[in-house]
Structures are given as structure tokens and as C-alpha cells.
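Listed below, chain by chain, are the residues.
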Amino acid sequence: MTRKPLRPELADALEQGLHNIGQASELTGVSAKMIRHYEDIGLIAPPPRTFANYRLYGDPELHRLRFIKRARTLGFSMERIRTLLALWDNPHRASAEVKQLARTHAAELGEKIRELQAMQRTLETLARQCH
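These numbers were taken from a predicted model, which means no experiment stands behind them.

(A) Expanded view of the overall build of the protein chain. A tally of helices and strands in the protein chain yields 6 helices and 0 strands. Scanning the protein chain from its N terminus toward the C terminus, one meets helices and strands in the order α-α-α-α-α-α. In terms of overall dimensions, the protein chain is more spread out than a globule: its C-alpha atoms have a radius of gyration of 21 Å, far above the 14 Å expected for 131 residues. The buried share among the 131 residues of the protein chain stands at 26%. Of all intrachain contacts in the protein chain linking residues separated by at least 6 positions in sequence, the fraction that spans at least 24 positions is 54%. Total accessible area on the protein chain stands at roughly 9,500 Å², and carbon and sulfur atoms take up 57% of it. Treating the 21 positive side-chain charges of the protein chain as one cloud and the 15 negative ones as another, the clouds have centres 4 Å apart.

(B) Highlighting helix α3 (residues 32-40). Residues of α3 that are buried include every one of Ile-35, Tyr-38 and Glu-39, and no others. The arc enclosing the buried residues of α3, seen along the axis, measures out at 100°, which places them on a common side. The outward face of α3, more than 90 degrees from its buried face, is lined by the exposed residues Lys-33 and Asp-40. Against the buried residues of α3 lie α2 (21-28), α4 (59-73) and α5 (78-89). Where α3 terminates, the next one or two residues include Gly-42, which has phi positive at roughly 85°.

Reading the values: rules and limits
- Each chain carries its own residue numbering, running from 1 in the direction its sequence is written.
- In view of the model being predicted, local features appear only for residues whose pLDDT reaches at least 70, and side-chain atom pairs are presented and counted only at 80 or more, with totals across whole chains, interfaces and linings using the full set of residues.
- Values shown for side chains rest on all heavy atoms present in the structure; no hydrogens or waters enter the calculation.
- A run of H or I in DSSP counts as a helix once it spans at least four residues, and a run of E counts as a strand once it spans at least two, with each numbered from the N terminus.
- For this measure, only C-alpha atoms enter the radius of gyration; the expected value for a globule follows 2.2 Å times N^0.38, where N is the number of residues.
- A simple rule labels every residue: compare its accessible area, found with a 1.4 Å probe on the protein chains alone, to the largest value its type can have, and call it buried under 20%, exposed over 50%, or partly exposed in between.
- Any pair of residues with heavy atoms lying within 4.5 Å of one another is described as a contacting pair.
- For every accessible area listed, the method is Shrake-Rupley and the probe measures 1.4 Å; residues are considered covered only by the protein chains on display.
- Here Asp and Glu are counted as negative and Lys and Arg as positive; His is not counted, and neither are the chain ends.
- Charge positions are represented by NZ for Lys, CZ for Arg, CG for Asp and CD for Glu.
- Of all possible arcs, the one meant is that of the directions from the helix axis to the C-beta atoms.

As C-alpha cells, this is what we get:
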């Protein structure tokens with residue numbers, strides 16, 4: 001009987017649909033440095049590794065990295081992302097907690113939009129005054 005190694009070779013892992021950190025970076029738009037950082041601060045779990053110690057990422061990890069990137073792009077703080085991920089990871093979470101968090105951030109985004117629109121109007125006025 002042949003035993004499957006607990007830590008596969010990279011080629012075997014890639015055949016199984018897993019990705020190394022470079023591929024995960026390409027697929028998510030998150031740099032390898034940031035992926036390692038997110039692991040260090042606990043936003044993503046330490047991934048399994050190959051026999052040669054390469055990190056391996058599957059679809060759930062890629063989805064989580066995309067979520068983090070999208071949230072950062074939209075201006076969510078790291079602490080807010082941590083809270084959202086904790087809620088996401090907890091199937092017994094109270095939906096009222098999620099709803100309140102979403103409403104709070106929506107209000108903050110609304111304020112940011114108003115500020116950006118005011119800046120846009122100022123810049124357009126400035127541009128019209130230039131000859």
C-alpha cells in the first residue's frame with residue numbers, strides 16, 4: 001500500500017488545483033509580500049506547505065484574498081476587515097451584528113462620496129478658471 005505524503009511535492013499540489021504564492025498573487029492581485037503579511041497578522045490562516053516548504057493556496061484562500069483586496073480598495077480598515085472575516089468565519093453569528101456593521105460602513109462611504117464630489121467640483125472650477 002502506497003502512502004500519500006502529508007506534504008506533497010509542488011508538482012503534485014499544482015496537479016490537485018492548488019497554487020503557489022506567485023500564482024495566488026497573480027490570480028488575486030495581492031502581492032506575495034502582502035499575502036505573507038496577511039498570514040503574519042492572522043487575516044489568513046497559515047497555508048499548508050509542500051515538502052520543499054512552498055505555501056499552497058486553494059480556492060477558499062484565493063476567495064479570502066480577493067475579499068481582503070476588494071475591502072482594502074474600498075477603504076475598509078484592517079480592523080474592520082478582521083471583524084468582517086471573523087463574522088464570515090462564524091456560522092453562528094448574529095445577522096444583526098453584520099447588518100449594523102454594514103450600515104455603519106455604508107454611512108461612512110456616503111460621507112466619503114460627498115467629500116470626493118465636493119473636491120471634484122472644486123477641481124472643475126479651478127480647471128475652468130485656467131486659460
